[in-house]
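# Inside the fold
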2 protein chains.
Amino acid sequence: MDATQNYIQENKQRFLDELFELLRIPSISADPVYVQDMLDTAQKTADFLKEAGADNVEICETAGYPVVYGEKIIDENLPTILVYGHYDVQPPDPLDLWESGPFEPVIKKTEIHPEGAIFARGSADDKGQFFMHLKAFEAMMSAGELPCNVKFMIEGEEEVGSENLGDFVKNNREKLANDVILISDTSLVAKDVPSLCTGLRGLSYVEVKVKGPDLDLHSGLYGGAVPNPINVLCDMIGQLHDENGKITVKGFYDDVIELSDEERAEMAKVPFDLENYKKSIGIKDIQGEEGYVTMERNSIRPTLDVNGIWGGYTGEGAKTVIPSYAEAKISMRLVPGQDPEKITQLFCEHFESIAPDSVEVTTKPHHGGKGYVLPIDSKGYLAAKKAMTHTFGKEAIPFRSGGSIPIVALFEEELGSKSVLLGFGLDSDVIHSPNENFGVFNFYKGIETIPFFFKYFAEA
Amino acid sequence: MDATQNYIQENKQRFLDELFELLRIPSISADPVYVQDMLDTAQKTADFLKEAGADNVEICETAGYPVVYGEKIIDENLPTILVYGHYDVQPPDPLDLWESGPFEPVIKKTEIHPEGAIFARGSADDKGQFFMHLKAFEAMMSAGELPCNVKFMIEGEEEVGSENLGDFVKNNREKLANDVILISDTSLVAKDVPSLCTGLRGLSYVEVKVKGPDLDLHSGLYGGAVPNPINVLCDMIGQLHDENGKITVKGFYDDVIELSDEERAEMAKVPFDLENYKKSIGIKDIQGEEGYVTMERNSIRPTLDVNGIWGGYTGEGAKTVIPSYAEAKISMRLVPGQDPEKITQLFCEHFESIAPDSVEVTTKPHHGGKGYVLPIDSKGYLAAKKAMTHTFGKEAIPFRSGGSIPIVALFEEELGSKSVLLGFGLDSDVIHSPNENFGVFNFYKGIETIPFFFKYFAEA
């Protein structure tokens, strides 16, 4: 891989400049205002793929945003790696908390990244990371060192649940056939700890609404006599956890696959500093399920979080209304064993059952996804471990993530192959938050490491 | 009062046209955008007062919006009635629920008002009602039948807590000296039930904020391990009532003056139809404090309502954040005996005490006000009862209201006189809500009744 690595070193600045082109387009899938930007981003991704040397580059239509496809088949007897990524990004709000524009990429030095970090929405999630694969591929192609077949599938709806990816995969099984799927959309444990995510949480997402009176009421004339939908919604949400931090939805934990004591002991080896953790996000104290430590609570245990809540008068000053209704967005992170559709149904049934008779409750389920585990003796894991160990100069370790990439379970079901999560982000990238950033070190390390994954996977 | 009543009958249309002039100005005290409209409304009120025949009409400056003053002193040996009203109105939002513009007054026939109702923000609260007094005064002046002295004090901050009225009253005790205060800002029990409000609830108002992390976090990476301010806020709010609908704030009920069984039996005589009540506001069922009926719960019992709540992502679609903070606006209606400042302090202490250590809670108290009672053997009550009985042709009855007019207690403390609540509104006026309206019948009935109050009060 020497020629590949040399090529990478010689083209670093251009790689960054090209990534900036991608980052400038506000490809916000959640908001239909950005349809044209989404299509422009798909086009640009396809162009970069073609320039890198891919064949059969297509912008494949779906019922939603298109999937960008490309491939290089060098020998049908060689293994095939399918690279997945997504070109859409999270909405940037709240805008006023960004120090530079979310779509005006800029390199800034930080404490964690003295050599600089790329500040922009999508720099880590996922444009910076999927682009590493395009550049690694370009390098291997230019060097004539591509060791096996590769296919690229870059979708545009990951941030809104990849609703149409299932159909795309089902309708293109032959085209997408592969021996392993490679995904860079996760983080390292720390910048100097080569680490591979071997587990993801699943997701259930429900919007709920509690309605009281048909119209807003004067809280003097009616207060005390009628159900106040905000008070009722709060009370119901408060009931969703018990005093030990356990979720009270009936049947919620039934299918949870518990980790053995040995596995928990392995996990505990991953470096973790509680004081730094609290300080990095500015919380007074941690809080969670009794009987589990922080790194278990945020990865191998299921959760329930209210992501948004609103009702009544929220403007300046005082307005004493009893509002007609109150609403909330609630998501649950799931662990292997838990089926998202079953959990969503259990949640809705439970939530409706704890509502007082005086109000009307409606629940609206959204997209979900299963949890996932990659065994550490699998071919894909071993190749990734070897690659990272090589480029970092120390042994890579496995760890579990709290995040969800719902399509990973979909891929296993529909294409029959495992996904290797070869991520180079960091928690401090603050994806989904303002001032998202991706270390320049991490970007280049990814580009350098990927060709070694190809090499070791092809050799195995 | 014959000449007065004839004058009223002959000038009905003009009275309505003039009221419409007042209603067209968006005098929204809660929003500083409307400063000029507020001052214009004060000026127009002053002009009307002058045209009606008042002397010494002034627009009196305060640290906030001005108070409009005017008087007619005919004989220092006669009693003096001080008329209080307010020219500011509630914000009209949500705008999209208004069927006609909130500041485009129009008469529409309704089921309750086949002869028409005036639809506009402020038509019942309070422009339509205080304007009845200006027209009744004008009629008595034109007819030469004014039986006693009268003073007018129309302020501009009632909807935002009358912050500066206290100082105004204290600085103008001599000017405002009176034997009784007359206020029209409440309702009748029903359109055909002459009734006088003899009790008001007090008010405490607090804004609360629960803060978790310093910034919004990804709910996959952090969910389960950190306090979610929305979940915490909901849980704390849920704890504010027990399963019997009683407020759990420590010491909350200590000073409540309970009604005797006899008083409760008297209250129960006021006509009330539960099915109609539920239907009129579209609730599935009532809900409230165990051991009390609806008309007690909304008038003689204290309450706690969340008027607004917000936190996290509330836009279209899904965004899985753990927000940095969540906020709520909470108000408590109080009953005689309860001191608003003490209750506010008890609430803040209690709320802070039930917060988990993992979050930061801040409480911001707002304006408050005491509850109030008018004894039914008082001179003012008896004159009002006689006047209403005369114009309605059936005996007027006393009742307690759930609403608050904080300055009524202030008046008693600073000016040493009782306030008579001679209101002509109806609950169906839906004050504070979209499509606020005031019956044309009610508007004229008020103008006709007020001169009889003056007559009977002067004679007593």
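Here the structure is a predicted model, which is why all the values come from computation and not from measurement.

### A look at the UniProt feature "domain: Peptidase M20 dimerisation" (unreviewed entry) in chain A
UniProt marks residues 198-357 of chain A with the feature "domain: Peptidase M20 dimerisation" (unreviewed entry), using the numbering shown here. Structurally, residues 198-357 of chain A comprises 29% helix and 23% strand, and the distance from its first C-alpha atom to its last is 45 Å.

### Considering the sheet that holds strand E5 (residues 117-119) of chain B
Whenever strands of a sheet pair, they do so through backbone hydrogen bonds, lying parallel or antiparallel. Residues and elements named next belong to chain B. The antiparallel open sheet is built from three strands, whose spatial order is E4-E5-E18. Every interior strand has two partners, whereas the edge strands, strand E4 (106-108) and strand E18 (437-439), have only one. Taken pair by pair, the neighbouring strands of this sheet meet at an average axis angle of 30°, ignoring direction. Across three bridges, E5 lies against E18 in antiparallel orientation. Each residue of the ladder has a partner; that of isoleucine 118, found in E18, is phenylalanine 438. Against the sheet, helix H14 (residues 440-459) touches E4, E5 and E18, its axis set at about 60° to E18.

### Digging into the pattern of salt bridges
Considering all chains together, one arrives at 53 salt bridges over all chains under this definition. Between glutamate 275 of chain A and lysine 278 of chain A there is a salt bridge, with the nearest N and O atoms lying 3.4 Å from each other. Placement of both glutamate 275 of chain A and lysine 278 of chain A in helix H10 (residues 274-281) is noted, with a separation of three residues, approximately one turn of the helix. You can call lysine 278 of chain A buried: its relative accessible area is 13%. Measuring nitrogen to oxygen at the nearest pair gives 2.9 Å for the salt bridge that ties arginine 121 of chain B to glutamate 436 of chain B. Of the two residues, arginine 121 of chain B is situated in the loop between E5 and helix H4 (127-143) and glutamate 436 of chain B in the loop between strand E17 (419-421) and E18; the sequence distance between them amounts to 315 residues. Given a relative accessible area of 1%, glutamate 436 of chain B falls into the buried group.

### Details of the packing of aromatic side chains
Considering all chains together, one arrives at 24 aromatic pairs over all chains under this definition. An angle of 25° between the planes, with centres 6.2 Å apart, marks the rings of phenylalanine 452 of chain A and tyrosine 456 of chain A as stacked. Here tyrosine 456 of chain A and phenylalanine 452 of chain A lie together in helix H15 (residues 440-459), a separation of four residues that amounts to about one turn. The exposure class of phenylalanine 452 of chain A is buried, given its relative accessible area of 9%. Between tyrosine 84 of chain B and phenylalanine 411 of chain B, the ring centres sit 5.4 Å apart and the planes meet at 70°, which makes this aromatic pair edge-to-face. Highlighted residues: tyrosine 84 of chain B in strand E3 (residues 80-86) and phenylalanine 411 of chain B in helix H13 (residues 407-415), separated in sequence by 327 residues. Of the aromatic side chains, those joined through ring pairs into one cluster are Tyr222 of chain A together with Phe272 and Tyr277 of chain B. The side chain of lysine 379 of chain A reaches across the aromatic face of phenylalanine 457 of chain A, ending 4.3 Å from its centre. The ring centre of phenylalanine 392 of chain B lies 5.2 Å from the NZ or CZ of lysine 445 of chain B, which sits over that ring.

### With respect to the interface of chain A and chain B
Contacts between the two partners involve 87 residues from chain A and, on the opposite side, 87 residues from chain B. Summing both sides of the interface, chain A and chain B together bury roughly 7,100 Å²; the carbon and sulfur share of this comes to 52%. There are zero salt bridges connecting chain A and chain B. In this assembly, chain A and chain B are joined by 41 residue pairs in polar contact (both at pLDDT 80 or more). The greatest single-element share of the side of chain A that touches chain B, amounting to 10 residues, is contributed by strand E11 (residues 303-312) of chain A. Bridge count for E11 of chain A against strand E11 (residues 305-312) of chain B is five bridges, and the pairing is antiparallel. Bridge assignment links glycine 308 of chain A to a residue of E11 of chain B, and that residue is glycine 312 of chain B.

### Comments concerning empty space enclosed by the protein
Under the defined criterion, the tally for this structure stands at five cavities of 30 Å³ or more. Here the largest cavity defines a volume of roughly 70 Å³. Every residue lining the largest cavity is listed: Val189, Met267, Val270, Met295, Ser299, Phe399 and Arg400 of chain B. Residue composition of the lining of the largest cavity, by class: five nonpolar, one polar and one charged. In this structure, the lining of the largest cavity is formed jointly by two domains, domain 1 (2-200 + 371-459) and domain 3 (259-300) of chain B, each of which donates at least three residues. Considering only enclosed or pocket space, the second largest cavity measures out at about 60 Å³ in volume. Around the second largest cavity sit Met267, Val270, Met295, Ser299, Phe399 and Arg400 of chain A, which together line it. In terms of residue class, the lining of the second largest cavity is made up of four nonpolar, one polar and one charged.

### What to know about the side chain of threonine 391 of chain A
All names here are of chain A. Along the chain, the position of threonine 391 falls in helix H13 (residues 379-392). In this structure the side chain of threonine 391 is engaged in a polar contact, spanning 2.8 Å, whose partner is the side chain of threonine 449. Residues in contact with threonine 391, not counting those within four places in the same chain, are Lys445, Glu448, Thr449 and Phe452.

Conventions used here
- Residues numbered from 1 in each chain as written.
- Chains lettered and ligands numbered in written order.
- Predicted model: local features only at pLDDT ≥ 70, side-chain atom pairs only at ≥ 80, totals over all residues.
- Heavy atoms only, no water.
- UniProt positions renumbered as here; feature names shortened; annotations may be inferred.
- Helix = DSSP H or I, 4+ residues; strand = E, 2+ residues; numbered from the N terminus.
- Pairing = 2+ DSSP bridges.
- Axes fitted to C-alpha atoms, helices over the stretch in contact; angles between N-to-C directions.
- Contact = heavy atoms within 4.5 Å.
- Salt bridge = Lys/Arg side-chain N within 4 Å of Asp/Glu carboxyl O.
- Buried < 20%, exposed > 50% of the residue type's maximum accessible area, 1.4 Å probe, protein only.
- Phe/Tyr/Trp six-rings, centres within 6.5 Å; stacked < 30°, edge-to-face > 60°.
- Lys NZ or Arg CZ within 6 Å of the ring centre and 35° of its normal.
- Buried area = accessible area lost by both parts, 1.4 Å probe.
- Polar contact = N/O pair within 3.5 Å; in protein donor to acceptor, adjacent residues only side chain to side chain.
- 1 Å grid on protein atoms, 1.4 Å probe; cavity = no way out; pocket = protein on both sides within 12 Å on 5 of 7 lines; lining within 4 Å.
- Points joined across faces, edges and corners; volume = space filled by probe spheres on them.
- Nonpolar A, V, L, I, M, F, W, Y, C, P; charged D, E, K, R; others polar.
- Domains from an automatic or database assignment.

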